Amino acid sequence: MIDRNYSATLTGNPFLLFETRQVALLMKDTNDPKVAMNKIIESNLFQYSSTKSVPKRFNAIHKRISVLDKSLVDCLASGSVNEAKITNLLAIASSDRLFKEFVVETIACRLTSHKQQLTLKDIEDFFEYKQETIREVKGWTEKTIKKLIQVYVQILYQSGLINDRKSKTLQKLFISVDFKGKLLLSFNKELIECIAG
């Protein structure tokens, strides 16, 4: 379920596909988040040099996965990399209000127009508008905004929505009819169509 509040938590919890697949695999076996997190820490499944950040990352990933139908959790756990990337992207958009608005208001507009180049100015304009119109975002520091911009570009690149971090050329993601049917069990049609070719 999408968070009604605006948050900058993506600065510390970016795309995290590898970690998300690990969590999804464990959540197939247990519905108990504490058991899954303890297993990640005990076996160092995230392969971090320190387990200090594991609880925060796990909680962010669990929040994303909690919006998914069982078939999409299975897809994240053991499906194709491409389908896992798309599922993860939509799960992020469905659990982070600001990122969802970015996808709908900026990415979808670019993908449906003839201008498929995403510029740094496009992203900065999005954040500037949000700072002018949303009280929570207005209070964020310039450092936070810069970090969010970096993370948004990273998410777009790792999901396949842009093919190069520098040129930022957008490309619609291929979603088969069968896979779209699975996605519709967890995500609204409009959000899927924002990214789909």
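Since the model is a prediction, treat every value here as computed from it, not as a measurement.

Parameters at a glance
By convention here, each chain's residues receive numbers from 1 onward along its written sequence. Restriction of local features to residues with pLDDT of at least 70 applies here, the model being predicted, together with a cutoff of 80 or more for giving and counting side-chain atom pairs; totals for whole chains, interfaces and linings are based on all residues. Side-chain metrics rest on all non-hydrogen atoms present in the structure, leaving aside hydrogens and water. The helix count covers DSSP runs of H or I at least four residues long, the strand count covers runs of E at least two residues long, and both are numbered beginning at the N terminus. Here the globule rule reads 2.2 Å times residues to the power 0.38, and the radius of gyration is calculated from C-alpha atoms. With a 1.4 Å probe rolled over the protein chains alone, any residue whose accessible area is under 20% of its type maximum counts as buried; one over 50% counts as exposed, and the rest are partly exposed. A 3.5 Å cut-off defines polar contacts: any pair of N or O atoms within that distance qualifies, except that in protein one atom must be a possible hydrogen donor and the other a possible acceptor, and neighbouring residues in sequence count only when both atoms are side-chain atoms. Here, the term nonpolar core denotes a set of buried Ala, Val, Leu, Ile, Met, Phe, Trp, Tyr and Cys residues that are joined through side-chain atoms within 4.5 Å. By definition in these notes, contact holds between two residues if any of their heavy atoms fall within 4.5 Å. What a helix should span is 1.5 Å times the count of its residues minus one. A score from 0 to 100, pLDDT tells how confident the predictor is in each residue. Should a side-chain nitrogen of Lys or Arg be within 4 Å of a carboxyl oxygen of Asp or Glu, the pair is scored as a salt bridge.

Here we come to the overall build of the protein. Helix and strand counts for the protein come out as 11 helices and zero strands. Along its sequence from the N terminus, the protein presents helices and strands in the succession α-α-α-α-α-α-α-α-α-α-α. The C-alpha atoms of the protein give a radius of gyration of 17 Å, which matches the 16 Å a tight globule of 197 residues would have. The C-alpha extent of the protein, read off along each of the three principal axes, is 45 × 40 × 30 Å.

Topologically, Arg110 is positioned in helix H6 (residues 97-112). On the accessibility criterion, Arg110 (18% relative accessible area) is buried. Side-chain polar atoms of Arg110 contact the side chain of Asp122, separated by 2.7 Å.

Right, let's get into the nonpolar core. Within the largest apolar cluster, 68 residues are counted, with the highest numbers of intra-cluster contacts made by Phe99 and Ile195. In terms of residue count, helix H9 (residues 142-159) provides more of this core than any other element does, eight residues in total. The contacts of Phe99, once residues within four sequence positions are left out, are Leu10, Leu89, Ile92, Ala93, Tyr152 and Ile155.

Over its 18 residues, H9 runs 26 Å from end to end, which matches the ideal 26 Å to within 8%, given 1.5 Å per residue. Packing partners of the buried residues in H9 comprise helix H5 (81-95), H6 and helix H7 (120-133). A positive backbone phi angle near 100° is found at Gly160, which sits one or two residues after H9.

To continue, consider the confidence of the model for the protein. Should the pLDDT be low somewhere, the predicted coordinates at that spot are not to be read in detail. For the protein, per-residue confidence averages 93 on the pLDDT scale, and residues scoring 70 or more make up 97% of the total. Looking across the protein, the model is least confident in H6, with a mean pLDDT of 93, and most confident in H9, with 97.

What follows concerns the pattern of salt bridges. For the structure shown, the criterion picks out 10 salt bridges. The shortest N-O distance in the salt bridge between Lys130 and Glu101 comes to 2.7 Å. Residue Lys130 is located in helix H7, and its partner Glu101 is located in helix H6; the two are separated by 29 residues in the primary sequence. Taking the relative accessible area as the measure of exposure, Lys130 reaches 4% and is therefore buried. For Glu101, a relative accessible area of 14% translates into the label buried.

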